[in-house]
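Observations on the three-dimensional arrangement
Listed here are the chains, written in short residue letters.
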Amino acid sequence: MPGRFILTFLAIQHVKNPLLSQSVATPHFTQEEKTPEVSLSRLSKGELSSLCKNLHKKVRELENLVQVVSRGKYTWESTFDAIAEPVMIVSPDYKVERANIATARVGKREITKVAGQKCFEVFAHRNTPCENCPLTKAIGGGELSRAHLGNKIHTKDFEAHAYPLYDEKGKLESAVMYYRDITEEIRLKEEVIQQEKMAAIGMLAGGVAHEVNNPLGGVLAFTQLLLQKTEKGSETYEDLVEIEHAATRCKKIVQELLDFSRISKDREKCPVYVNMLLEKVTPFVQMEIRSLNIDLQFDLSPDVPPVMAISNRLQQVFLNLMTNACHAMPHGGKLLVSTRFDKKAGDVLIAVKDTGVGMPKEIKERVFEPFFTTKDPGKGTGLGLSISFRIVKENNGRIEVDSHEGKGSTFTIRLPAI
Ligand SMILES: Nc1ncnc2c1ncn2[C@@H]1O[C@H](COP(=O)(O)OP(=O)(O)OP(=O)(O)O)[C@@H](O)[C@H]1O
Ligand SMILES: [Mg+2]
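Residues numbered from 1 in each chain as written. Chains lettered and ligands numbered in written order. Predicted model: local features only at pLDDT ≥ 70, side-chain atom pairs only at ≥ 80, totals over all residues.

So, the site of ligand 1
Neighbouring ligand 1 are 22 residues, the closest being Ala328, Thr373, Gly380, Gly384 and Leu385. Contributing elements (two or more residues each) for the shell around ligand 1: α9 (311–327) and α11 (384–394). Classifying every residue of the shell around ligand 1 by side-chain character gives nine nonpolar, eleven polar and two charged. (Near = placed C-beta within 6 Å. Helix = DSSP H or I, 4+ residues; strand = E, 2+ residues; numbered from the N terminus. Nonpolar A, V, L, I, M, F, W, Y, C, P; charged D, E, K, R; others polar.)

Rendered as structure tokens:
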């Protein structure tokens, strides 16, 4: 009790003079006012009561100020964490001073273990700064700098922005690093380029195919007529058989080109159950499956809703993918066909996965191009995937490929459910 009394007394002594000197208290907390010492014992009752009132007021003001500061801190931290993209404050030597929750999420680290680490270690799991990182440029040039990072961060593409931060003396002390996930943007850009390419080739191919189709029909018809009139086994007969084979193959390619350039009408579409369609396609690849010793497995989810499509066209897509998968496994392997329903996106997903030769990046980037093939001449036209791409597109879907050389490939189709 006496201790408390002494403390209170000292506190009162410490603040009484400035308080007494202020008839209206104004919160200049940093300003020391030199006022003459007044002994407490000499104060009247009225003065003591006024001193107490002023003391209370001052304490309330201090409390309010603390509240404002902590509210500001809370708002700032919450805003920082509410940003869905990674944001960090980084020193010139790449040390993280602060980071938001999105940084920890993308970097797959606990938020409490991010500060003090190098940004490229916690965020990109690298030992060296990210390729094209704009931090040094922003700090060197003293202005905002941004760049598309040359390396992926956990399979995603990011654009990094670096804003220099100055201290109160104008000295550059750190930078705000802000990262934008541009994976989807890049995918869409590539898709637009691909579509434009396809549309141009589609028109050209369609036109040429139309022109070639009729004379080709004539060649075939006349060859067959001549075959009937020619003695079997003769040299001319064998030559005519060759012509017939070549012309039939040309007709097949022309038909594929016509299919490729054809745009289906919406009214031709009807609800299609992909599980049933996939099972219908299997007999067509049965020969390859048996001869190449492939283990075909299905994992078809029973709750997959129907999609709007032209059944025959979609069947052609599945057949192309399964045939390609078989050709990628000349020494056998596993072919897994699976379906599932992505409830959140409202999409039906169909995946055709093989354990075949896989593809390097340069081939993977070109597989949907018309006439792109790595097969020997006469073995493939390179139209299978470009036609599939077009068919999936006309059903408002998407087709993607994931492949690793020597390990296999997965083609995934996404179609909106009805
Ligand atoms: N599952 C796969 N594994 C590895 N490479 C593949 C796979 N699917 C496609 N490819 C590659 O993509 C290329 C293009 O495929 P696409 O189906 O368009 O034509 P193609 O099979 O060569 O000929 P076709 O017109 O007869 O189908 C193939 O030549 C092959 O290099
Ligand atoms: Mg093919």
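Some thoughts on the packing of α9 against α11
Interaxial distance between α9 and α11 falls to 9 Å at its minimum, and their mutual angle equals 145°. The interaxial crossing formed by α9 with α11 has left-handed handedness. Residues Arg313, Leu314, Gln316, Val317, Asn320, Leu321 and Asn324 of α9 form the contact with α11, whose own contacting residues are Gly384, Leu385, Ile387, Ser388, Ile391 and Val392. Residues belonging to the contact of α9 with α11 are distributed by class as follows: seven nonpolar, five polar and one charged. (Axes fitted to C-alpha atoms, helices over the stretch in contact; angles between N-to-C directions. Left-handed = near helix turned anticlockwise from the far one by under 90°. Contact = placed C-beta atoms within 7 Å.)

Some remarks on helix α8 (residues 274–291)
The terminal C-alpha atoms of α8, which comprises 18 residues, lie 26 Å apart, in line with the 26 Å expected from a rise of 1.5 Å per residue. Its axis deflected by about 55° at Val285, α8 carries its strongest bend there. Buried within α8 are the following residues: Val274, Leu278, Val281 and Val285. Those residues of α8 that are buried are in contact with β6 (270–272), β7 (294–300), β8 (307–309), α9, β9 (333–342) and β10 (347–354). Looking at the residues trailing α8, positive phi occurs at Asn293, about 60°. (Expected span 1.5 Å × (residues − 1). Bend = angle between axes of the 7 residues up to and from the residue. Buried ≥ 20, exposed ≤ 12 C-beta atoms within 10 Å, placed from the backbone.)

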